Amino acid sequence: MELSLVSLSKQFGQKSVLKNLSFTATGGKAMGLLGRNGAGKTTTIRIIMNIFPPDEGDVLLDGKPLRHSGVRIGYMPEEKGFYPKIKIKDQLLYIAELRGVSRQQSKKVIQDWLERLDLSEYWDKKLETLSKGNQQKIQLAVALIADPDIVILDEPFSGLDPVNAQLLKEIVTEQVNAGKIVLFSSHQMNYVETFCDDVALLHEGQIKLNGSIREIKRRYPRHRISLSLAGDNRLEARSGENVRDYMERLMHQPNDLSRLIDRLDVVRGQCHLILAHESNREAVLEQLVAVHAPVEQFSVVEPTLEDIFVEQTGEIQPSGQSV
Amino acid sequence: MKRKSQFRTVMRFEFMNYMRNKVYVGITIALVLILAIGLSIPAIIEWARSAGFDFADPNKEKPPEEAIHVIDQTGWLDMTILEQALPDELWVQSNPEQIDERTRQVKENEIGALLILETPDSWRWIVHRISMSNDVQGVIQSVLNQQFTAIKLTQAGLDESAVESVMKPAQWIVEETVQESGKSMEQTYFYTYLLLFLLYMTVMMYGQMVATSVASEKSNRAMELLITSARPLDLMFGKVLGSGLAGMAQIAVLLLTTGVFYQLNASYFADIPFIANVFNMPFEIIVYTLIFYLTGYFAYAFLYGALGSLASRTEDINTSIMPIIMLFMVAFFISFAGMLNPDAAFLKVFSFVPLVSPMAMFVRICMTDVPFVEIALSILIQVFSIWLTGWLAARIYRLGVLMYGKPPRMKTLIQMLRNAR
């Protein structure tokens, strides 16, 4: 199965929210829709969910326009909520019935899911009595209750503690392994990186990057170098300097290093170099050898998804937002 | 997925929410109890009295503090006439010398009242406070007037039979031709009033419940899940019907309670004409009450639901449903004014105007003889207006449910409806 978004555009009033957006999510692979707040993730998902139509473009399933009556879609909206004053079982039975699960079947399915999510004791409780994290797990149950072919989760990790986030990851992985199309949006790169195969990076309503994470990382310039020198003690014995002073002195000497290296960071004796170009790698190493630097390790660092995200969206992602 | 079953699922869920709602169930039970107890009060009093409780008994003699003292300076008074005319009062004849004493006693609430007949043409009535409901004064006046006039006539030289023929009141026979059809205003006014009020209350109450329920689905964010699981039309119609059924159930329970407890206590009410009139209303009126509850409820409930969908928070509901409340109140007052003159032309016109007709036509049916063709036409118009408001409501609802922020103005709303595909 393949869910394709083709040239979607959407305007709200004067504001253009999506501009000619296209990507494809494939069954059996987790697809992460990344972007900063306001990048257009939720709008994209709402168009897929047919909450409102796009101004232009199409949503295709296996090449044909997506018909909601013909396919089951499990959806967890960004704004998570349900009836606070109604018992969990009644709400879940209701939504299951709306999604076409028979009454006899749905009770069994719901009990299984609550057990899986470690929520069995809340079967007969009102939603408002649950903690926020548990309410969110209920949302996951709601999304998966009807055994959907397509699973769409909008910011599923927000508000979950690490243990629950792990549980969510396991469940999503199961869904992926069952061959379903799993699409979720997030701005938390660490979660996305650990189990997404494909990503689409949205910025201001446009796709900035799209493809498998491995491909994207491989395509990405390999210009980050991790460099370990023999520790401070040995350097000090030789020249009375620590690693930082030593490296800075090298950079200021009349050699090529300052031209080849863009940026130097030293964190706890470990050097991080950003090269002006990835082809400078050999030259840098040669220079270091030439000055008899006590190199212990010299390796290329793969960019993390977060590095790519920050670089693509131009601004620093505020840290501490990940939960 | 199947459309019909979704609609029914929503309806059942909404209906069950009422049944599970402790407030709804509690209010219904409270109303049932009030009706049951209220209708049993005469029986309860009688039982309590037979069990020995001391209740205010209208047949019991009044205490001296309520006695009416009479001082006759004319010598014309015949106390038995007063005693016959107002047998419930305690009459005491006092001497003319006691005037000051008795006046003081009235002032200090030691006796009920003092009547002084100074001359045949001038009487004085001294009372601590004139009560609104008491017509003792009027009765005394007319009884004594009659007696004194007779004495005056005798003194003027008329013989007894002539006096009698002069004093005899004219015969007053009332024949109301409309009575054959059972639509006498006197009989119908009270129950029409009750039922009109019942219509007004229930439509208003359940309409508001629909609006609140839609708005709270928005504010608790259940809406996005619902709207992606069912068609907006099914959600809206299911909700309106579910609430409507809950309203019907409540009305039915209340009517049933009233009927049963009236029947149990019917003997006590036989000689209270206005209560008997209410319960002797023609059966067709009950049927029409249900019909017009339904047509009125649906026409308004759709509008309530639509405007409820424009509110993002439950606090905004009142602002957003204000237009319907106004409209509904106008409709109510038109019908209410029509009750004073149910044959008026304006009521006739309004009984065919959508959104006003459920109440206006109902008043006409209750109080006058309306040709069946007109009733049918009115109901037809109402059904059509339900269809119209339902269609309009579904369009507003679809736009409104995911719109957060300030409720839009009427003008922007119309514009949005035009632009929507």
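Residues numbered from 1 in each chain as written. Chains lettered and ligands numbered in written order. Predicted model: local features only at pLDDT ≥ 70, side-chain atom pairs only at ≥ 80, totals over all residues. Heavy atoms only, no water.

## Notes on the overall build of chain B
Turning to step 1, where the next piece is worked out: Looking only at helices and strands, one finds 16 helices and four strands in chain B.
Turning to step 2, where the next piece is worked out: Taken over the C-alpha trace, chain B has a radius of gyration of 31 Å; the compact-globule value for 421 residues is 22 Å, which it surpasses by more than 25%.
Turning to step 3, where the next piece is worked out: Projecting the C-alpha coordinates of chain B onto the three principal axes gives extents of approximately 100 × 50 × 40 Å.
Turning to step 4, where the next piece is worked out: Classification of the 421 residues of chain B by burial places 42% in the buried group.
Turning to step 5, where the next piece is worked out: Considering only intrachain contacts with a sequence separation of at least 6, the fraction spanning at least 24 residues in chain B is 71%.
Turning to step 6, where the next piece is worked out: When the accessible surface of chain B is totalled, it reaches about 23000 Å², and 63% of it is carbon and sulfur. (Helix = DSSP H or I, 4+ residues; strand = E, 2+ residues; numbered from the N terminus. Rg over C-alpha atoms; globule rule 2.2 N^0.38 Å. Buried < 20%, exposed > 50% of the residue type's maximum accessible area, 1.4 Å probe, protein only. Contact = heavy atoms within 4.5 Å. Areas by Shrake-Rupley, 256 points an atom, 1.4 Å probe, with all protein chains shown as cover.)

## So, the sheet that holds strand β2 (residues 91-94) of chain B
All names here are of chain B.
Turning to step 1, where the next piece is worked out: Spatially, β2-β1-β3-β4 is the arrangement adopted by the four strands of the open sheet, whose pairing is mixed. The outermost strands of the open sheet, each flanked by one partner alone, are β2 and β4 (122-127). Going from strand to strand, the sheet's axes swing by 20 degrees on average, the running direction of each strand aside.
Turning to step 2, where the next piece is worked out: Here strand β1 (residues 68-72) pairs with β2 via four bridges, running parallel. By the bridge assignment for β2, His69 is matched with Val92.
Turning to step 3, where the next piece is worked out: The strands touched by helix α4 (residues 99-107) within the sheet are β1, β2, β3 (113-119) and β4, with β3 carrying the most contacts at an inclination of about 145 degrees. (Pairing = 2+ DSSP bridges. Axes fitted to C-alpha atoms, helices over the stretch in contact; angles between N-to-C directions.)

## What to know about the domain arrangement of chain A
Turning to step 1, where the next piece is worked out: Parsing chain A into structural domains produces domain 1 (2-219) and domain 2 (224-302).
Turning to step 2, where the next piece is worked out: Using C-alpha coordinates to define each centre, domain 1 of chain A is positioned 45 Å away from domain 2 of chain A. (Domains from an automatic or database assignment.)

## Some remarks on the interface of chain B and chain A
Turning to step 1, where the next piece is worked out: Facing 25 residues of chain B, the contacting portion of chain A comprises 28 residues.
Turning to step 2, where the next piece is worked out: For the pair chain B and chain A, the summed buried surface comes to about 2400 Å²; carbon and sulfur atoms form 58% of the total.
Turning to step 3, where the next piece is worked out: Remark: the boundary between chain B and chain A carries four salt bridges.
Turning to step 4, where the next piece is worked out: One salt bridge in this structure joins Asp90 of chain A and Arg20 of chain B, with 3.3 Å as the shortest N-O distance. (Buried area = accessible area lost by both parts, 1.4 Å probe. Salt bridge = Lys/Arg side-chain N within 4 Å of Asp/Glu carboxyl O.)

## Digging into the domain arrangement of chain B
Turning to step 1, where the next piece is worked out: Domain boundaries assigned for chain B yield domain 1 (2-33 + 187-419) and domain 2 (65-130 + 137-157).
Turning to step 2, where the next piece is worked out: Distance from the C-alpha centre of domain 1 of chain B to the C-alpha centre of domain 2 of chain B: 58 Å.

## As for α4 of chain B
Residue and element names in this part refer to chain B.
Turning to step 1, where the next piece is worked out: Within α4, burial applies to Arg102, Gln105 and Val106. Each buried residue of α4 lies within a common arc of 100 degrees when the element is viewed along its axis, so the set occupies one face. Set apart from the buried face of α4 by more than 90 degrees, the exposed residues are Asp100 and Lys107.
Turning to step 2, where the next piece is worked out: The inward-facing, buried residues of α4 abut β1, β2, β3 and β4.
Turning to step 3, where the next piece is worked out: Once α4 ends, the next one or two residues include Asn109, with phi positive near 65 degrees. (Arc of directions from axis to C-beta.)

## Digging into the sheet that holds strand β7 (residues 150-154) of chain A
Residues and elements named next belong to chain A.
Turning to step 1, where the next piece is worked out: One open sheet accounts for six strands, arranged β6-β7-β8-β3-β9-β10; its pairing is mixed. Where the open sheet ends on each side, the last strands, each with one partner, are β6 (73-76) and β10 (206-212). Strand-to-strand twist in this sheet, taken as the mean axis angle between neighbours without regard to direction, amounts to 15 degrees.
Turning to step 2, where the next piece is worked out: In the packing of helix α12 (residues 305-313) onto the sheet, contacts are made with β3 (30-35), β9 (198-203) and β10, and the angle to β9 comes to roughly 30 degrees.

## Some remarks on the packing of helix α11 (residues 283-308) of chain B against helix α15 (residues 372-400) of chain B
Residue and element names in this part refer to chain B.
Turning to step 1, where the next piece is worked out: Axis separation between α11 and α15 bottoms out at 7 Å; the angle between their running directions is 20 degrees. Between α11 and α15, the angle falls in the class roughly parallel. For α11 against α15, the interelement crossing comes out left-handed. Along the contact surface, α11 presents Tyr288, Ile291, Phe292, Thr295, Phe298, Ala299, Phe302, Leu303, Gly305 and Ala306, while α15 presents Phe372, Ile375, Ile379, Gln382, Ile386, Thr389, Gly390, Ala393, Ile396 and Tyr397.
Turning to step 2, where the next piece is worked out: Here the residues of the contact of α11 with α15 sort into 15 nonpolar, five polar and no charged. (Parallel < 35°, antiparallel > 145°, perpendicular 65-115°, else oblique. Left-handed = near helix turned anticlockwise from the far one by under 90°. Nonpolar A, V, L, I, M, F, W, Y, C, P; charged D, E, K, R; others polar.)

## Concerning the side chain of Thr295 of chain B
Residue and element names in this part refer to chain B.
Turning to step 1, where the next piece is worked out: For Thr295, the position within the fold is in helix α11.
Turning to step 2, where the next piece is worked out: Within polar-contact distance, the side chain of Thr295 engages the side chain of Gln382 at 2.6 Å.
Turning to step 3, where the next piece is worked out: Setting aside residues up to four positions removed in sequence, Thr295 forms contacts with Pro358, Gln382 and Ile386. (Polar contact = N/O pair within 3.5 Å; in protein donor to acceptor, adjacent residues only side chain to side chain.)

## With respect to the environment of Leu195 of chain B
Residues and elements named next belong to chain B.
Turning to step 1, where the next piece is worked out: Following the sequence through the fold, Leu195 ends up in helix α7 (residues 185-219).
Turning to step 2, where the next piece is worked out: Between the alpha carbons of Leu195 and Leu264 there is a distance of 22 Å; along the sequence they are 69 residues apart.
Turning to step 3, where the next piece is worked out: Discounting residues that sit within four places of it in the chain, Leu195 has contacts with Met281, Ile285, Thr289 and Phe362.

## Regarding a nonpolar patch on the surface
All names here are of chain B.
Turning to step 1, where the next piece is worked out: On the surface, Val25, Ile29, Leu33, Ile37, Ile41, Ile44, Ile45 and Trp47 cluster together into a nonpolar patch covering about 720 Å² of accessible area.
Turning to step 2, where the next piece is worked out: Looking at where Ile37 falls in the secondary structure, it is placed in helix α2 (residues 22-50).
Turning to step 3, where the next piece is worked out: Classification of Ile37 by relative accessible area gives partly exposed; the value is 48%. (Patch = residues over 30% accessible without salt bridge, like charges linked within 9 Å, V, L, I, M, F, W, Y side chains within 5 Å.)

## Overview of the confidence of the model for chain B
Turning to step 1, where the next piece is worked out: Chain-level pLDDT for chain B is 85 on average; 93% of the residues reach the 70-or-more range.
Turning to step 2, where the next piece is worked out: Both scores are given for the predicted complex: the pTM is 0.74, the ipTM 0.76. (pLDDT = per-residue confidence, 0-100.)

## Brief notes about the pattern of salt bridges
Turning to step 1, where the next piece is worked out: The tally for this structure, following the rule as stated, stands at 29 salt bridges over all chains.
Turning to step 2, where the next piece is worked out: Between Arg116 of chain A and Glu170 of chain A there is a salt bridge, and its shortest N-O distance comes to 3.8 Å. Taken together, the residues span a long stretch of sequence, with Arg116 of chain A in helix α3 (residues 103-116) and Glu170 of chain A in helix α5 (residues 162-177) at a distance of 54 residues.
Turning to step 3, where the next piece is worked out: Glu193 of chain A is the partner of Lys217 of chain A in a salt bridge, and the nearest nitrogen-oxygen pair spans 2.3 Å. On the criterion of sequence distance, the pair formed by Lys217 of chain A in helix α7 (residues 213-219) and Glu193 of chain A in helix α6 (residues 189-195) is long-range, its members being 24 residues apart.
Turning to step 4, where the next piece is worked out: Through salt bridges with shared partners, one network takes in Glu101, Arg104, Glu108 and Glu110 of chain B.

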